[in-house]
Amino acid sequence: MTEHIHSEGSATAVPFGEFRIARTEQDGAVVVEVAGDVDTTTAPALVQAAEEVLASAPPLLVVDLTRVEFLASPGLTALLTIHRNAGSGTAVRIVASGRATLRPIQLTGLEDSLSLFPTREAALTAS
């Protein structure tokens, strides 16, 4: 069963089959940390969490996929939707470095459409 948890703290270990989203503020940016599988059933929750953040028009939204174990095509669509829906005053940066996340992005050619970073720190400090 997939569990959608929206919390203010950092996500802890994610048991197999669970999905979690944690939202935090860091260095003036909003970080949405995703853990588990991003697929047909969970991608809408990611979009919803990002939309809630984007409603307040932060200068920077970082979507951290470091703890994502599987990124399906609906997850890729969710990332494009988040990027497209961000206002002109909000930069969206995606943290993807593992095989489970970076590989699907590269195979679909989306690295040209998304602002990708290897670490959260790199995404937060890029200019």
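Residues numbered from 1 in each chain as written. Predicted model: local features only at pLDDT ≥ 70, side-chain atom pairs only at ≥ 80, totals over all residues. Heavy atoms only, no water.

For the protein, an unreviewed UniProt entry supplies the name Anti-sigma factor antagonist and the organism Amycolatopsis mongoliensis. We quote the UniProt Sequence similarities (unreviewed entry) comment for the protein here in full: "Belongs to the anti-sigma-factor antagonist family." (UniProt positions renumbered as here; feature names shortened; annotations may be inferred.)

*Asks:* Looking at this structure, how should I read the overall build of the protein?
*Replies:* Along the backbone of the protein there are 4 helices and 6 strands. The secondary structure elements of the protein, listed N-terminal to C-terminal, are β-β-β-α-β-α-β-α-β-α. A buried classification covers 46% of the 127 residues belonging to the protein. Accessible surface, the protein as shown: approximately 6,300 Å² in total, 53% of it carbon and sulfur. (Helix = DSSP H or I, 4+ residues; strand = E, 2+ residues; numbered from the N terminus. Buried < 20%, exposed > 50% of the residue type's maximum accessible area, 1.4 Å probe, protein only. Areas by Shrake-Rupley, 256 points an atom, 1.4 Å probe, with all protein chains shown as cover.)

*Asks:* Which parts of the structure should I look at to understand the environment of Thr-108?
*Replies:* Within the secondary structure layout, Thr-108 lies in the loop between helix 3 (99–107) and strand 6 (116–117). The class for Thr-108 is partly exposed, based on a relative accessible area of 45%. Linking Thr-108 and Ser-73, residues 35 residues apart in sequence, is a C-alpha distance of 9.2 Å.

*Asks:* Teacher, can you tell me more about the pattern of salt bridges here?
*Replies:* Pairs may arise between side chains of opposite charge once their charged atoms sit close together. Tallied over the entire structure, the rule returns 4 salt bridges. Between Arg-120 and Asp-64 there is a salt bridge, with the nearest N and O atoms lying 3.0 Å from each other. Placement of the pair is Arg-120 in helix 4 (residues 120–125) and Asp-64 in strand 4 (residues 60–71), with a sequence separation of 56 residues. The pair Arg-120 / Asp-64 is uniform in exposure class, with both members buried. Taken together, the shared-partner salt bridges in this structure form one network comprising Glu-33, Asp-64 and Arg-120. (Salt bridge = Lys/Arg side-chain N within 4 Å of Asp/Glu carboxyl O.)

*Asks:* I tried to follow unusual backbone geometry on my own but got confused; where do I start?
*Replies:* Outside of glycine, negative phi angles account for most residues, and trans bonds account for most peptide bonds. Non-glycine residue Asp-27 carries a positive phi angle of around 55°. Phi is positive for Ala-57, which is not a glycine, with a value near 50°. Examined against the element boundaries, Ala-57 turns out to sit in the loop between helix 1 (43–54) and strand 4.

*Asks:* Which parts of the structure should I look at to understand the side chain of Arg-20?
*Replies:* Locating Arg-20 in the fold gives a position in strand 2 (residues 19–26). Residue classification places Arg-20 among the buried positions, given a relative accessible area of 17%. Side-chain polar atoms of Arg-20 contact the side chain of Glu-18, separated by 3.0 Å. (Polar contact = N/O pair within 3.5 Å; in protein donor to acceptor, adjacent residues only side chain to side chain.)

*Asks:* Looking at this structure, I do not really get the nonpolar core. What am I missing?
*Replies:* In a soluble, globular protein the nonpolar side chains are often hidden away together inside. Grouped together as the largest cluster of nonpolar side chains are 30 residues, with contacts concentrated most on Val-34, Leu-46, Leu-61, Leu-65 and Leu-79. Among the elements of the structure, strand 2, strand 3 (29–38), helix 1, strand 4, helix 2 (73–85) and strand 5 (91–95) are those that each provide at least two residues to this core. Sort the elements by how many residues they give to this core and helix 1 lands first, with 8 residues. Each residue touching Leu-61, except ones within four places of it in the same chain, is listed here: Val-30, Val-32, Ala-50, Val-53, Leu-54, Ile-82, Thr-90, Ala-91, Val-92 and Arg-93. Within the second largest apolar cluster, 8 residues are counted, among which are Val-31, Leu-60, Val-95 and Phe-117. (Core = buried A, V, L, I, M, F, W, Y, C linked by side-chain atoms within 4.5 Å. Contact = heavy atoms within 4.5 Å.)

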